[in-house]
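Here are the chains, one letter per residue:
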Amino acid sequence: MSSRNVLISGASVAGLTLAHWLQRAGFTPTVVERAPGLRRGGQAIDIRGSALGVVERMGLLDKVRAATTDMRGMSFVDARGEELSRSTEATLTGGLIDNDDVEIMRDDLTTLLFDASRYGTEYLFGDSITSVEQYEDTVEVRFAHTPPRAFDLVIGADGLHSQVRRLAFGPESDFLHFLGSYLAIFSVENYLDLDHWQMYHAGDDMLVGVYSARQNTEARAMLLFDSPELDYDHRDLAQQKSMLAERFAGVGWETPRLLESMRDAPDFYFDSMSQVRLDRWSNGRVGLVGDAGYCPSPRSGQGTSIAMVGAYVLAGELANHPHDHRAAFARYQDLTRDYVRDNQRLAQNRSAEQRRTPPDELGRAANSITLPDCPHLG
């Protein structure tokens, strides 16, 4: 099989997983990432069901398990910090503690994935795609900084606000479906001395939380609130922080201190709880994977698993159909469509009250997909 040059937009979980499997199959992947390096911070994420099979096939399962958050439980407190309830059976971020799932910090996982793919992949950090022009045998890509280049395929793995999706499929307003709430995550000092523990303060339409990370050496703060859809610039962090400061002003417990820490947080993240729904995940020589093509929203607890499984299946089908990208894209979507649909329904069907309780089994039937035979992946 002759090598194909594949450009992947986004050093995300999906993008890094795809790069790993493509280079193992003899492709020549290039990853372009807007950030100057791997993005730091992020929330605790879960690897479940068939995604664990992907991790195992990558040879990373032991490393992933060694980096688990190892949470012991959680508690809810009132505005004065008085404990209202506690659980050592489940957490809000990971669901039931006694199961085979792996909860890991997002940046710990991306570091492992990057290390697994870096020697067979070209990385263009601090750059982004500005235009995509498709021709019969190639895709001409222009970048913000790198000179124009031609690729055989372009894959958008660039998240909810995918630039590749916008350029090749249309405006994001055609594909984003808002679920009625917003989420912020940022790192803070573990000044509460949390020991593999999570603490939350909940109101009628909001949630404030803190949980320890990285063997208790730091912590993550979480701010969640229900709202009608807001008009804001998703790249304007100062505007987003001002919105949150206004929204959570007067909220008790540790909220004032967390808002103060938020102002200087180096890894601040804020976005809507939204899903991406498209009829087709490919357009000519351009395809989508992970959140760019079918984000289920953090509410599902399945975004990481879907991204890893989707990337594995896409790489396998491109390897199985080395000279027919249309057949590869079609087969990729056929194999994963029901899996994605079932997991998106998990988020759509969760009530406001359920969103503030552990996602008990997260619909175990939706966690699994039969991983296809991909002999060309090595």
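Anything mentioned here points back to the structure above.
Computed from a predicted structure; not experimentally measured.

So, how was this worked out
- For every chain, the first residue of the written sequence is number 1, and numbering continues from 1 along that sequence.
- Local features in a predicted model are, by the rule used here, given only for residues with pLDDT of at least 70; side-chain atom pairs are given and counted only at 80 or more, and totals for whole chains, interfaces and linings are based on all residues.
- Only hydrogens and water are removed before side-chain values are computed, so all heavy atoms of the structure are retained for them.
- Only runs of H or I of at least four residues qualify as helices and only runs of E of at least two qualify as strands under DSSP, and these elements are numbered from the N terminus.
- For every residue, the accessible area (1.4 Å probe, protein chains only) is compared with the maximum for its type, and the residue is labelled buried under 20%, exposed over 50%, or partly exposed between those bounds.
- Definition of a polar contact: a pair of N or O atoms within 3.5 Å, with one able to donate and the other able to accept a hydrogen when the atoms are protein atoms, and with sequence-neighbouring residues admitted only if both atoms are side-chain atoms.
- Note on contacts: a residue pair is in contact if any heavy atoms of the two residues lie within 4.5 Å.
- Buried residues of nine kinds, namely Ala, Val, Leu, Ile, Met, Phe, Trp, Tyr and Cys, make up a nonpolar core once their side-chain atoms join them within 4.5 Å.
- Each salt bridge in this description consists of a side-chain nitrogen of Lys or Arg and a carboxyl oxygen of Asp or Glu lying within 4 Å of one another.

As for its position among the elements, Ser-117 is in helix α4 (residues 106-117). Ser-117 gets classed as buried once you look at its relative accessible area, which sits at 0%. Of note is the side chain of Ser-117, whose polar atom sits 2.7 Å from the side chain of Tyr-123. Beyond its immediate sequence surroundings of up to four residues, Ser-117 is in contact with Leu-16, Ala-19, His-20, Gln-23 and Tyr-123.

Moving on, we come to the nonpolar core. One recurring pattern in soluble globular proteins: nonpolar side chains tend to sit buried together. Core analysis: the biggest nonpolar cluster contains 76 residues, and Leu-18, Ile-47, Val-64, Leu-109, Ile-129, Val-289 and Met-308 have the highest contact counts within it. No other element matches the 11 residues that helix α9 (residues 303-320) contributes to this core. Apart from the residues within four sequence positions on either side, Leu-18 is in contact with Ile-8, Ile-155, Val-289, Ala-311, Leu-314 and Ala-315. Grouped together as the second largest cluster of nonpolar side chains are 28 residues, Met-206, Val-208, Val-251 and Ala-265 included.

Turning next to the pattern of salt bridges. The final tally for this structure, using the stated rule, is 18 salt bridges. Of the charged contacts in the structure, one is a salt bridge between Arg-39 and Glu-33, with a shortest N-O distance of 3.0 Å. Glu-33 sits in the buried class, given a relative accessible area of 5%. As a salt-bridge pair, Asp-334 and Arg-337 come within 3.2 Å of each other at their nearest N and O atoms.

The values are spatial; any link to function lies outside them.
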